[in-house]
Amino acid sequence: MNWIPSLYPLDCLHELGCDFASCVARTVETKDALVGPVVLSAMAAAVHGVLDIYTPTHRVMPTSLYVSVIAGSGLGKTASVNCAYHGFRDFEAGCEGRMVGKDGFDPSQGHPYRLDDVSESGVIALFGSGAKAMAMVLDEGGALAKHLDLPGMCKRYDGDDLRFLRKHEMIQIRDTRTTFCMTVQDAVFDQLLKGKQGALMVPSGLMPRMLLSYATDSLLHMSFGKAPQNPNLHRFHDRVRELMNDYRAILQTSGRRAQIRLSSEAEELWRQAGKYWKALPGADDAWVGMEPFVQRAGEHAMRIAAVLSGSLILSL
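Scope of this entry: the structure provided in the associated data block. (Residues numbered from 1 in each chain as written. Predicted model: local features only at pLDDT ≥ 70, side-chain atom pairs only at ≥ 80, totals over all residues. Heavy atoms only, no water.)

A closer look at the overall build of the protein
Consideration 1: Tallying secondary structure elements over the protein gives ten helices and ten strands in all.
Consideration 2: Taking the principal axes of its C-alpha atoms as reference, the protein extends roughly 55 × 45 × 45 Å.
Consideration 3: Counting over 316 residues, the protein shows a buried share of 48%.
Consideration 4: Sequence separation of at least 24 residues holds for 77% of the intrachain contacts in the protein that already meet a minimum separation of 6.
Consideration 5: Total accessible area on the protein is roughly 15300 Å²; 53% of this is exposed by carbon and sulfur atoms.
Consideration 6: Considering the protein, the positive charge centre built from 33 side chains and the negative charge centre built from 35 side chains are found 5 Å apart. (Helix = DSSP H or I, 4+ residues; strand = E, 2+ residues; numbered from the N terminus. Buried < 20%, exposed > 50% of the residue type's maximum accessible area, 1.4 Å probe, protein only. Contact = heavy atoms within 4.5 Å. Areas by Shrake-Rupley, 256 points an atom, 1.4 Å probe, with all protein chains shown as cover. Lys, Arg positive; Asp, Glu negative; His and termini not counted. Charge placed at Lys NZ, Arg CZ, Asp CG, Glu CD.)

Here's the deal with the nonpolar core
Consideration 1: Of all hydrophobic cores here, the largest spans 79 residues; its most connected members are Val39, Tyr85, Phe88, Tyr113, Phe180, Leu206 and Tyr247.
Consideration 2: If one sorts the elements of this core by residue count, helix H2 (residues 32-47) sits on top with twelve residues.
Consideration 3: Excluding anything up to four places from it in sequence, Phe180 contacts Leu65, Tyr66, Val67, Ser68, Met136, Leu138, Leu144, Met153 and Met210. (Core = buried A, V, L, I, M, F, W, Y, C linked by side-chain atoms within 4.5 Å.)

Focus on the pattern of salt bridges
Oppositely charged side chains can pair when the atoms bearing their charge come close.
Consideration 1: Applying the stated rule across the entire model yields 16 salt bridges.
Consideration 2: For Asp52, the salt bridge goes to Arg177, with nearest N and O atoms at 3.0 Å. Here Asp52 is found in strand S1 (residues 51-54), whereas its partner Arg177 is found in strand S8 (residues 177-184), with 125 residues between them in sequence.
Consideration 3: On the basis of relative accessible area, Asp52 is assigned to the buried category, the value being 5%.
Consideration 4: What makes Arg177 buried here is its relative accessible area of 4%.
Consideration 5: A salt bridge links Arg114 to Asp116; the shortest N-O distance between them is 2.9 Å.
Consideration 6: For Arg114, a relative accessible area of 15% puts it in the buried group.
Consideration 7: Counted as one network, the salt bridges with shared partners bring together Asp158, Arg209, Arg296, Glu299 and Arg303. (Salt bridge = Lys/Arg side-chain N within 4 Å of Asp/Glu carboxyl O.)

Some words on the packing of aromatic side chains
Consideration 1: One pass over the structure, following the stated rule, counts nine aromatic pairs.
Consideration 2: An angle of 75° between the planes, with centres 5.7 Å apart, marks the rings of Tyr113 and Tyr247 as edge-to-face. Of this pair, Tyr113 sits in the loop between helix H4 (89-92) and strand S4 (114-115) while Tyr247 sits in helix H8 (residues 236-253); the two residues are 134 residues apart in sequence, bridging distant segments of the chain.
Consideration 3: For Tyr113, a relative accessible area of 1% corresponds to the buried category.
Consideration 4: Given a relative accessible area of 1%, Tyr247 falls into the buried group.
Consideration 5: Through successive ring pairs, a cluster of aromatic residues spans Tyr85, Phe88, Phe91, Tyr113 and Tyr247. (Phe/Tyr/Trp six-rings, centres within 6.5 Å; stacked < 30°, edge-to-face > 60°.)

Right under this line is the structure:
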């Protein structure tokens, strides 16, 4: 598609997310198109452990998001990710040291929540030890190539039961939630697409499940007149801590996540928008070949809306 650089719509993250993303962008001196999606993924990572969506089709859907940001070298990918996920560290502090199987692992007190480089078996080991939610965060996206499991990633996005065969043991885990955030350099992303499984990333459904942001050539948003602030002290992290404590309570009580649904007015607007998106490939030549992406547009819209609502107003 012909792509015209524009500012990433930080204002759509509402006041809390927008103010935090702007703070990170100013501090790291990077672009909104890099910081905005990363902050949105952190919001999803905090919300998906405590909130599900009851859809108009009468099924329960996760609020998890898969976000990928393609950005050139030196734009501050690692610093932006570390700022966005700072608030999860208090929860993770409940689980320190080495985790071997279930020995010494109490998920109700805390567990490794942000995983930086993990295989499919590693994810299964974490969930099999009692965790119910996690964020897979790669600030160097080339690591994905080592552990790319297309069916596994698609199943986790959809919240399907996870099954893993180890020797003569079948492990089945239900009701888990995974948010994925990857920042990657342009050249590395191109190599990933040209790699062994790259040709399958769209047909498998993995790529259409992702929210993609091409930040390298995006416009730089300049903010003037605002005093610098330490992003790690931003109230955004207070909200993350509240949601992580709600998640901890679910683990301690074997409770269930809350559910959110569209109002009747929002459902009607969502259906109208869905028809418009699905008609795009037949109405505009620029959208030809994009059918897998427009088919997912309605689901993305619902998940993003739930994340934004949950990060601001949910109280369990």
